[in-house]
Amino acid sequence: MTYFEWVPELDTGISVIDNQHKRIVEYINILDQAVREKDVSAVAEVVEQLTDYTVTHFTFEEELMQKHGYPYLDAHRKVHQAFTERVQNYKKRIDQGEDVSRQLLSDLRIWLTNHIKRDDKDYVEICNKIDHGWVSKAVSRLFGT
Ligand SMILES: [Fe+2]
């Protein structure tokens, strides 16, 4: 069974954002698999990739909000920062051999679901008039694709 199933309520309607969120969900499912297989080195590797990707995604979102003059950018950025610190703390504990990956998984699923539904959906109305040229430039600059 898939650990974190994508549900339509998670769609923001901004496809570039939805695709990035889906990628994060994919990483969470890969992490779940590695945890179930008790593959310690795979767990460490996926946590690293997931953290990197999520931080880049946060930067993309923040630039998008800034470009559209979203008034609550600072508050949203603080939420991203607090979450990044929390994940980095888990990462440190995992690297030190502590068995907290199940806790991390459940935290990730709950946090991401709430954050998308509440915080991310709040910027959609202002940010949905997407400038596709800007998006593709920002995506290749940040994600290197
Ligand atoms: Fe966000």
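The shown structure was predicted, so the numbers you read here are calculated from the model rather than taken from an experiment.

(A) Region of interest: the pattern of salt bridges. Tallying each qualifying case throughout the model produces eleven salt bridges. Here Arg102 makes a salt bridge to Asp32, at a shortest N to O gap of 3.0 Å. Highlighted residues: Arg102 in helix H4 (residues 101-127) and Asp32 in helix H1 (residues 15-36), separated in sequence by 70 residues. Among the salt bridges present, the one from Arg77 reaches Glu62, with a minimum N-O distance of 3.4 Å. You can see Arg77 sitting in helix H3 (residues 73-95) and its partner Glu62 sitting in helix H2 (residues 40-67), a full 15 residues away along the chain.

(B) Spatial organisation of the UniProt feature "domain: Hemerythrin-like" (unreviewed entry) in the protein chain. In the numbering used here, UniProt assigns the "domain: Hemerythrin-like" (unreviewed entry) feature to residues 12-125. Between the end C-alpha atoms of residues 12-125 the distance is 10 Å, and the span holds 86% helix and 0% strand.

(C) Local environment of the environment of Tyr123. When you line up the elements, Tyr123 lands in helix H4. Classification of Tyr123 by relative accessible area gives buried; the value is 0%. Residues Tyr123 and Pro71, 52 residues apart in the sequence, show an inter-C-alpha distance of 8.9 Å. In this structure, Tyr123 is in contact with Ile14, Ile17, Glu61, Leu64, Met65, Tyr70 and His76, ignoring residues within four places of it in sequence.

(D) Summary view of the coordination of the iron ion. All of the protein donors around the iron ion are Glu61 (OE), His76 (NE2), His80 (NE2), His115 (NE2) and Asp120 (OD); their distances to the metal are 2.1 to 2.3 Å. When the donor residues of the iron ion are listed from N- to C-terminus, their spacing reads E-x14-H-x3-H-x34-H-x4-D. Taken together, the residues His80 in helix H3 and Asp120 in helix H4 connect sequence positions 40 residues apart. A single burial state applies to His80 and to Asp120, both of which are buried.

(E) How the structure looks around helix H5 (residues 132-143). An ideal rise of 1.5 Å per residue puts 16 Å on twelve residues; H5 measures up with 16 Å between its terminal C-alpha atoms. Where H5 is concerned, the buried positions are Trp134, Val135, Ala138, Val139 and Phe143. For H5, the arc enclosing every buried residue in end-on projection is 130 degrees, short of the 170-degree limit, so these residues lie on one face. For H5, the exposed residues set more than 90 degrees away from the buried face come down to Lys137 and Arg141. Taken together, the buried residues of H5 touch H1 and H2.

(F) The packing of H2 against H5, seen in detail. Orientation of H2 relative to H5, taken along the N-to-C sense of each, is 150 degrees, at an axis distance of 10 Å. Relative to H5, the element H2 is oriented roughly antiparallel. Remark: the crossing between H2 and H5 carries right-handed chirality. Taking contact as the criterion, the partners of Tyr53, Thr56, His57, Thr59, Phe60, Glu63, Leu64 and Lys67 in H2 are, on H5, Trp134, Val135, Ala138, Val139, Arg141, Leu142 and Phe143. Classifying every residue of the contact of H2 with H5 gives nine nonpolar, three polar and three charged.

(G) A look at the packing of H3 against H4. Relative to each other, H3 and H4 sit at 170 degrees, their axes nearing to 12 Å. By the angle between their directions, the pair H3 and H4 is classed as roughly antiparallel. Along its contact with H3, which presents His76, Val79, His80, Phe83, Arg86, Val87, Tyr90 and Ile94, the element H4 presents Ser101, Gln103, Leu104, Asp107, Leu108, Trp111, His115, Asp119, Asp120 and Tyr123.

Scoring rules and cut-offs
- Residues numbered from 1 in each chain as written.
- Predicted model: local features only at pLDDT ≥ 70, side-chain atom pairs only at ≥ 80, totals over all residues.
- Heavy atoms only, no water.
- Salt bridge = Lys/Arg side-chain N within 4 Å of Asp/Glu carboxyl O.
- Helix = DSSP H or I, 4+ residues; strand = E, 2+ residues; numbered from the N terminus.
- UniProt positions renumbered as here; feature names shortened; annotations may be inferred.
- Buried < 20%, exposed > 50% of the residue type's maximum accessible area, 1.4 Å probe, protein only.
- Contact = heavy atoms within 4.5 Å.
- Donors = N, O, S within 2.8 Å, 3.2 Å for Na, K, Ca; no water.
- Expected span 1.5 Å × (residues − 1).
- Arc of directions from axis to C-beta.
- Axes fitted to C-alpha atoms, helices over the stretch in contact; angles between N-to-C directions.
- Parallel < 35°, antiparallel > 145°, perpendicular 65-115°, else oblique.
- Left-handed = near helix turned anticlockwise from the far one by under 90°.
- Nonpolar A, V, L, I, M, F, W, Y, C, P; charged D, E, K, R; others polar.

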